[in-house]
Amino acid sequence: MTRPPLANSNLTHRTQRPTLITAIVLVGCLVLGMTALGAPSLWVTAQGAAPTANPVLTLAVAPGAPDKVLAGVLNSPQPAGIYRTENGGASWQNSTPGLAANVSIAALAFSPRNARIALAADGGSGFLFRSNDGGATWNEVPGFKELLNPNSAVGELYAVVENGQTAFYAGTRFDGVFRSTDDGATWTRLDGGLIGEARRIREIIEFNGNLYAGTHAGLYRLPVGGTTWEQMTGFTDPGIIYSLAIHNDVLYAGTDTNLYQSADGQTWTATPGAPVTTYYDLASTGRILAAATETGLWNNANDAWQLASLGGAPYGLPVYALANTERAPRTLYAGTVDNWVLRSDDEGITYNSISTMPALDVRAALATATPTPTLTPTPTETATPTATATDTATPSPTPTATGTATPTNSPTPTNTRTPRPTATATNTPTGTYTPEPPATNTATTAPTIETTTAISIEVTLPNTNSITRTADLIRAQIAASRQNRGDPATPALPQIQVSVRFSPRSHLSRLQPSRRRRRPLHPVQRPRHRQPRHRCPRQLPCRR
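The structure presented is a predicted model; accordingly, all values stated were derived computationally and were not measured. (Residues numbered from 1 in each chain as written. Predicted model: local features only at pLDDT ≥ 70, side-chain atom pairs only at ≥ 80, totals over all residues. Heavy atoms only, no water.)

Enquirer: A description of the overall build of the protein chain should follow, citing residues and the corresponding values.
Expert: When helices and strands are tallied, the protein chain shows three helices and 32 strands. Across the 544 residues that make up the protein chain, the buried fraction comes to 43%. Considering only intrachain contacts with a sequence separation of at least 6, the fraction spanning at least 24 residues in the protein chain is 52%. Of the accessible surface of the protein chain, which amounts to about 29800 Å², a share of 53% is contributed by carbon and sulfur atoms. (Helix = DSSP H or I, 4+ residues; strand = E, 2+ residues; numbered from the N terminus. Buried < 20%, exposed > 50% of the residue type's maximum accessible area, 1.4 Å probe, protein only. Contact = heavy atoms within 4.5 Å. Areas by Shrake-Rupley, 256 points an atom, 1.4 Å probe, with all protein chains shown as cover.)

Enquirer: Any chance you could break down the pattern of salt bridges for me, citing the residues and the numbers?
Expert: Pairing of side chains with opposite charge becomes possible as their charged atoms draw close. Overall, the coordinates contain ten salt bridges when judged by the stated rule. For Glu 197, the salt bridge is made with Arg 200, and the minimal N-O distance between the two is 3.3 Å. Note on Glu 197: relative accessible area 41%, which makes it partly exposed. Two residues, Arg 221 and Glu 230, come together in a salt bridge whose shortest N-O distance is 2.7 Å. One network of salt bridges, in which partners are shared, links Asp 175, Arg 189, Asp 191 and Arg 199. (Salt bridge = Lys/Arg side-chain N within 4 Å of Asp/Glu carboxyl O.)

Enquirer: Kindly report on the side chain of Thr 277, identifying the contributing residues and their values.
Expert: As for its placement among the helices and strands, Thr 277 is situated in the loop between β20 (269–270) and β21 (279–284). Setting aside residues no more than four positions away along its own chain, Thr 277 makes contact with Thr 255, Asp 256, Thr 257, Asn 258, Thr 293, Glu 294 and Thr 295.

Enquirer: Go over the sheet that holds strand β1 (residues 56–62) with me, naming the residues and quoting the values.
Expert: The strand order across the open sheet built from four strands is β1-β2-β3-β4, with neighbouring strands paired in antiparallel fashion. At either margin of the open sheet sits one strand with a lone partner, and together these are β1 and β4 (93–94). Sheet topology places strand β2 (residues 65–73) next to strand β3 (residues 82–85); four bridges connect them, and they run antiparallel. From the neighbouring strand, Val 69 faces β3, where its bridge partner is Thr 85. (Pairing = 2+ DSSP bridges.)

Enquirer: Break down the side chain of Asn 248 for me, citing the residues and quoting the values.
Expert: Examined against the element boundaries, Asn 248 turns out to sit in the loop between β17 (241–247) and β18 (250–255). A distance of 3.3 Å separates a polar atom in the side chain of Asn 248 from a polar atom in the side chain of His 247. (Polar contact = N/O pair within 3.5 Å; in protein donor to acceptor, adjacent residues only side chain to side chain.)

Enquirer: Summarise the confidence of the model for the protein chain; cite the residues concerned and give the values.
Expert: Overall, the prediction assigns the protein chain a mean pLDDT of 75, with 59% of residues at 70 or greater. Overall, residues 7–44 carries pLDDT values under 50, and its contacts beyond four positions in sequence, including any with other chains, amount to 64 contacts. Scored below 50 in pLDDT, residues 464–468 makes eight contacts in the model with residues more than four places away or belonging to other chains. (pLDDT = per-residue confidence, 0-100.)

Enquirer: I'd like to hear about the nonpolar core, residue by residue, with values.
Expert: Side chains that are nonpolar tend, in soluble globular proteins, to be buried together. Counting 27 residues, the largest nonpolar core has Tyr 169, Val 177, Tyr 212, Leu 219 and Trp 229 as the members making the most contacts within it. Going through the elements one at a time, β9 (154–162), β10 (165–172), β13 (201–207), β14 (210–215), β15 (218–222), β17 and β18 are the ones with two or more residues in this core. Element by element, the count of residues in this core is highest for β13, at four residues. (Core = buried A, V, L, I, M, F, W, Y, C linked by side-chain atoms within 4.5 Å.)

Enquirer: Would you mind going over the sheet that holds strand β5 (residues 105–111) in detail, with residue names and values included?
Expert: If you walk across this open sheet you meet the four strands as β5-β6-β7-β8, and the pairing is antiparallel. With partners counted over all chains shown, the strands left at the sheet margins are β5 and β8 (139–140), one partner each. Pairing geometry for β5 and strand β6 (residues 114–122), over six bridges, is antiparallel. The partner of Ala 107 across the bridge, within β6, is Ala 121.

Enquirer: Mind laying out the packing of aromatic side chains, listing which residues take part and the relevant values?
Expert: Tallied over the full model, the rule gives ten aromatic pairs. Between Phe 235 and Tyr 260, the ring centres sit 5.2 Å apart and the planes meet at 70 degrees, which makes this aromatic pair edge-to-face. Taken together, the positions of Phe 235 in the loop between β16 (230–231) and β17 and Tyr 260 in strand β19 (residues 259–262) put the pair 25 residues apart, joining distant regions of the chain. Summarising the burial analysis for this pair, Phe 235 and Tyr 260 share the class buried. On the numbers, 5.6 Å between centres and 85 degrees between planes, the contact of Tyr 242 with Tyr 280 is edge-to-face. Remark: Tyr 280 occurs in strand β21 and Tyr 242 occurs in strand β17; sequence separation between them is 38 residues. The class for Tyr 242 is buried, based on a relative accessible area of 5%. Given the relative accessible area of 1%, Tyr 280 is considered buried. These aromatic residues form a ring-pair network of at least three members: Tyr 83, Trp 92 and Trp 340. (Phe/Tyr/Trp six-rings, centres within 6.5 Å; stacked < 30°, edge-to-face > 60°.)

Here's what the structure looks like:
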């Protein structure tokens, strides 16, 4: 994402500002132990100190990881380099590969499907570098430089998912556009229809399935499946298109003088209230559109364009790069000319410099995409809150979740007496609940006996003086009841917690027999006929 107006040959900084801040940062970097100019080094800066005084040309945030950021810088006043942070910009590490003297890191891009794959483009000599470990180490992509003209280079890298695979696009200085579908290993030229100054590409973006390119000669579009670019004649600004962004389903284009918008990519109008300045980069948070311009950091919060603040004061210095990630769009990074990389945690309204920047709370950054409802009316006049949540960086702020379970799908418990687990209402959000067929009237009332099942059985014990086989009698009762119902034979019964309650008819209410005398029966309860008492003959022993 290259936005600054750099020279074609050596990409030196157009407006050198030897400010006091730059001098202080430079001295601080030297004190921290930088090596001699021109020698690449690998070191970690102390928290609160900028690693270099070079202007930041490009930024890239790892997909789904708002604390992991890459920064590429100009080759002045110090050698160019690639820097990375893993704590949201509080400290940085130099991961620069061996670079030639005329190299400037003008573009960076992560693979949206694999955060370990990243590309870095040289805007000075046309080198292309690739990292397989998230930007920690880099290697030159062999053969890419030979695809370009001797005076050409790469100023723009764009990555998008197409048909389930990552496609990288490289916008060059004089050779149009190149495309790769194997993480940058091989490239195909896409320059049909690009003539003259239109071959100088500043920005690439996908909108409504088509590919758009901002060039030095207007806006061009590559239809889906096409190989020839066509100029958008509805875009009438003759200036250079530095930036393209999608905000609330509207395509925005920033030139060297103004900001424009379009709902279809063909008909364009000037954005109301936008400041007259050069728009180097644009980024959407879903609620706010942020702009990196020649006159500072702007945003359209509350339907009015205003400067963002840094340390309580409006920030009006040049900013070349803006970046965020779709899963955490509220966290914005800004690459400046004089103040290294700034970070905003409130959608670009206020920023922190590296001297006051805390480590990023990743969980809070990923918590919600848009913490507050949109204040500006969305251009798409779809009044009905469609439940199909688009997987873009601007999630719909409608409070209804996508899985709205209709109340009619809640299954009513049937009058079946079988205690099946499916009788409980399973809240499947898809609403495709298929109730089971009504159970036949087979009186299956016996619950399955688990190992912790407690049962209570009333057994009339025989008139014996001790309880010897109570458990056997209970098991016999259970087996008999199963045989009467026709239940199949089951394996050995599990352990049963038995609670025995003696019948009132049983006189064994205690383990020890009672020695109290029997109370005489009431006359009404006395039997009418008494059986004769058994008497043993005296000549035989009694066997009672």
